Every structure is written in structure tokens, then in C-alpha cells.
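So the chains spell out like this:
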Amino acid sequence: DPLQEPEEDRPGREVIIIIAVFFEAGLAPLALALGWLFGHRPLEHFAWSMPDALLGVVATIPLVLMFLAMLRWPIGPLARVKKFCDTEVVPLLEESSWSEIGLVSLSAGVGEEMLFRGVAQASIGGWLGITWGLVLASLLFGLFHPISPTYMIIATILSIYLGAVFIVGQNLLTVMVIHALYDFAALGYLLRIRPVLEDEGGSN
């Protein structure tokens, strides 16, 4: 049936994972190139620090709780974000392993934070001041996630949160941990945990 061809031609989960990892990880060398061009090395404010990494873990908790609340009570425009998660993200990546989810999340946390915090926020902040660096880098981050207007707003707010933590802590490691851990928790819940809970609920 010709009508089935587009669905059959849809890339498999493994291909989607590979594309996502290469795209997100590819932002790291892009950040290095732009950092050299703008005179702000993206890893200038990166340092291995267990306390800063643990701060990132703790700072992820409010974001995860907000995500779970959005799924539980999808009020107003948030319903469209929940629908996107259910109809696009889950079918695209369903049955992904924990290691695949972790690889995508880590790639996004490192690549996007090097670009948006290490280069964009640092560069704009150096030119126009800390506040403008935070605001404009966050707007760019929102535009980088053009899934829907509501999703772009959520991404912008998330970026402001990450940017504020970066300003306070001055360690890129902290925001990398937050970003990667949040993505891991959100995807892990959608793809691995919620299906189990639903199966258990349906069997009772």
C-alpha cells in the first residue's frame, strides 16, 4: 500500500539515536570554533569539582518535579507539550535502553551547554553585561528548540535557570550535569518508567 511507505521509510530508533548523539555532540566542536572566533573559550569556566557536580544534581530536582507536574496536570498550553511528548517523542524513541537514553542526554548536556553557556552567554555577557548575556543566550536557546511556541517558552525559562546557576557557580560542569540529568530523567520516565507503571496499573 503506497500510503504505508512514508511510515515504513521512517528511520529506526537506532538511526534516530545516532543522529541525535552526533548532532548534540557536534555542538561541542562548533562551540570551540565560535569560542575561538569570539574570544571566549567555552571550557574556560569548566573545572572538575565534586561539590559543583553534586550542586548540579540537587539543582535538577526542581526541574524534574516541574516536568512530572506538567505530565500530571497539563493545564492550558502545557497540554500541547504533553501531547508532543506522547505522540512524537515516545513513538520515535520507544524501547530505547537506559544506555541509549544516557548517551543522548550526556551529548545534549555537554554540547548545548558548551555552546549556549560557554560561548553565547559568556560572549554576550562580556559585550553587553551579565543580564543581557543571560537573557539573549536564553532566547537563543529557546529558538534552538522550535517544537512549538509553548515549548520554546519553556526552553527559554529552563535556559534562564541554567544561566543563573552558571552565573552563581561559575562552573560549566554544574549546568552540564543539570542539563544532562534532567534530559535523562525526563526521557527515562517517558520511555522506561511510565510504560511499566501503566502496565502494572492496567493489570490491577
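Residues numbered from 1 in each chain as written. Predicted model: local features only at pLDDT ≥ 70, side-chain atom pairs only at ≥ 80, totals over all residues. Heavy atoms only, no water.

**What to know about the overall build of the protein chain**
Helix and strand counts for the protein chain stand at 8 helices and 0 strands. Ordered by position in the sequence, the α and β elements of the protein chain form the string α-α-α-α-α-α-α-α. By the compact-globule yardstick of 17 Å for 204 residues, the protein chain fits well, its C-alpha radius of gyration being 18 Å. Referenced to the eigenvectors of the C-alpha coordinate spread, the extents of the protein chain come out at roughly 55 × 40 × 35 Å. Taking all 204 residues of the protein chain together, 40% fall into the buried category. Counting only contacts in the protein chain whose residues sit at least 6 apart along the sequence, the fraction spanning at least 24 positions is 79%. (Helix = DSSP H or I, 4+ residues; strand = E, 2+ residues; numbered from the N terminus. Rg over C-alpha atoms; globule rule 2.2 N^0.38 Å. Buried < 20%, exposed > 50% of the residue type's maximum accessible area, 1.4 Å probe, protein only. Contact = heavy atoms within 4.5 Å.)

**Comments concerning the pattern of salt bridges**
For the coordinates displayed, the defined rule picks out 6 salt bridges. The shortest N-O distance in the salt bridge between Lys82 and Asp86 comes to 3.0 Å. Here the residue Lys82 and the residue Asp86 both occupy positions in helix 4 (residues 78-93), the gap between them amounting to 4 residues, near one helical turn. Among the salt bridges present, the one from Asp86 reaches Arg194, with a minimum N-O distance of 2.6 Å. In this pair, Asp86 is assigned in helix 4 and Arg194 in helix 8 (residues 172-203), connecting sequence segments 108 residues apart. With relative accessibility at 13%, the residue Arg194 sits in the buried group. Here the salt bridges do not stand alone but share partners, grouping Lys82, Asp86, Arg194 and Glu198 into one network. (Salt bridge = Lys/Arg side-chain N within 4 Å of Asp/Glu carboxyl O.)

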